[in-house]
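Observations on the three-dimensional arrangement
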Amino acid sequence: MKKIIYLTVFFGLFACSENPVKPPKKLLDEKTMENILYDIAILQAANSNAPEILQANKIEAKNFIYKKYKIDSATYHQNNRYYAAEVNNYKHMHNRILARLEKHQNAKK
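Because the structure is a prediction, the values reported are computed rather than measured.

Moving on: the overall build of the protein. A tally of regular secondary structure across the protein gives six helices and zero strands. Each helix and strand of the protein, placed in order from N terminus to C terminus, yields the pattern α-α-α-α-α-α. In the protein, the share of contacts with a sequence separation of at least 24, taken over all contacts with a separation of at least 6, comes to 78%. With the model as given, the accessible surface of the protein reaches about 8,600 Å², and the carbon-plus-sulfur share is 59%.

Let us look at unusual backbone geometry. The backbone of Lys58 sits at a positive phi, close to 55°, despite the residue not being glycine. Turning to its location among the elements, Lys58 is positioned in the loop between α3 (51-56) and α4 (61-69). Its identity as a non-glycine residue notwithstanding, Lys70 has a phi of 55°, on the positive side. Considering the arrangement of structural elements, one finds Lys70 in the loop between α4 and α5 (73-85). A residue is classified by how much of its surface remains accessible, and Lys70, at 66% relative accessible area, is exposed.

A separate point is the packing of aromatic side chains. Per the stated rule, a full pass over the model turns up one aromatic pair. If you follow Arg100 out to its NZ or CZ, it ends over the ring of Tyr38, 3.9 Å from the centre.

The next point concerns the side chain of Asn80. With respect to the element layout, Asn80 can be found in helix α5. On the accessibility criterion, Asn80 (18% relative accessible area) is buried. The residues contacting Asn80, other than those within four sequence positions of it, are Met33, Leu37 and Tyr90.

This paragraph deals with the confidence of the model for the protein. With 82% of its residues at a pLDDT of 70 or more, the protein has an overall mean of 86. Across the protein, the secondary-structure element scoring lowest on mean pLDDT is helix α1 (residues 2-17), at 57, and the one scoring highest is α5, at 95.

The next point concerns the packing of helix α2 (residues 30-49) against α4. Axis angle and axis distance: for two packed helices, these are the angle between their axes and the distance between the axes, and together they describe the pair. Running from amino to carboxyl end, α2 crosses α4 at an angle of 150°, the nearest separation of the two axes being 10 Å. For the element pair α2 / α4, the angle class is roughly antiparallel. α4 is crossed by α2, and the crossing has right-handed handedness. On the side of α2, the interface is formed by Thr32, Asn35, Ile36, Asp39, Ile40 and Leu43, while α4 contributes Ala61, Phe64, Ile65, Lys68 and Tyr69.

Structurally, Asp39 can be placed in helix α2. Given the relative accessible area of 12%, Asp39 is considered buried. Only 2.8 Å separates the side chain of Asp39 from the side chain of Lys68, close enough to count as a polar contact.

What counts and how
- Residues numbered from 1 in each chain as written.
- Predicted model: local features only at pLDDT ≥ 70, side-chain atom pairs only at ≥ 80, totals over all residues.
- Heavy atoms only, no water.
- Helix = DSSP H or I, 4+ residues; strand = E, 2+ residues; numbered from the N terminus.
- Contact = heavy atoms within 4.5 Å.
- Areas by Shrake-Rupley, 256 points an atom, 1.4 Å probe, with all protein chains shown as cover.
- Buried < 20%, exposed > 50% of the residue type's maximum accessible area, 1.4 Å probe, protein only.
- Phe/Tyr/Trp six-rings, centres within 6.5 Å; stacked < 30°, edge-to-face > 60°.
- Lys NZ or Arg CZ within 6 Å of the ring centre and 35° of its normal.
- pLDDT = per-residue confidence, 0-100.
- Axes fitted to C-alpha atoms, helices over the stretch in contact; angles between N-to-C directions.
- Parallel < 35°, antiparallel > 145°, perpendicular 65-115°, else oblique.
- Left-handed = near helix turned anticlockwise from the far one by under 90°.
- Polar contact = N/O pair within 3.5 Å; in protein donor to acceptor, adjacent residues only side chain to side chain.

Right, dumping it as structure tokens:
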């Protein structure tokens, strides 16, 4: 019984040690991915609070992001999936994004 427990723990440690998602062909660096997620948060907030401004300026959030960062939807989704697979790192990215949003909000006051 002890051997089974040790083997389970041993394989569990190795299974969790690496990112289960392979890096995409066009891997965006972490800072760029963080900037993309920040911009998405800003655009979603703008769309929720004042969608008429985005419509008047003919800004569609997804296309804006793709053009700004010169990526396509597949690249974005593959990179988002890759970074999300590293839960702790992804959490830290989101915490930095929240801090930036709060700083931006406080600067407006």
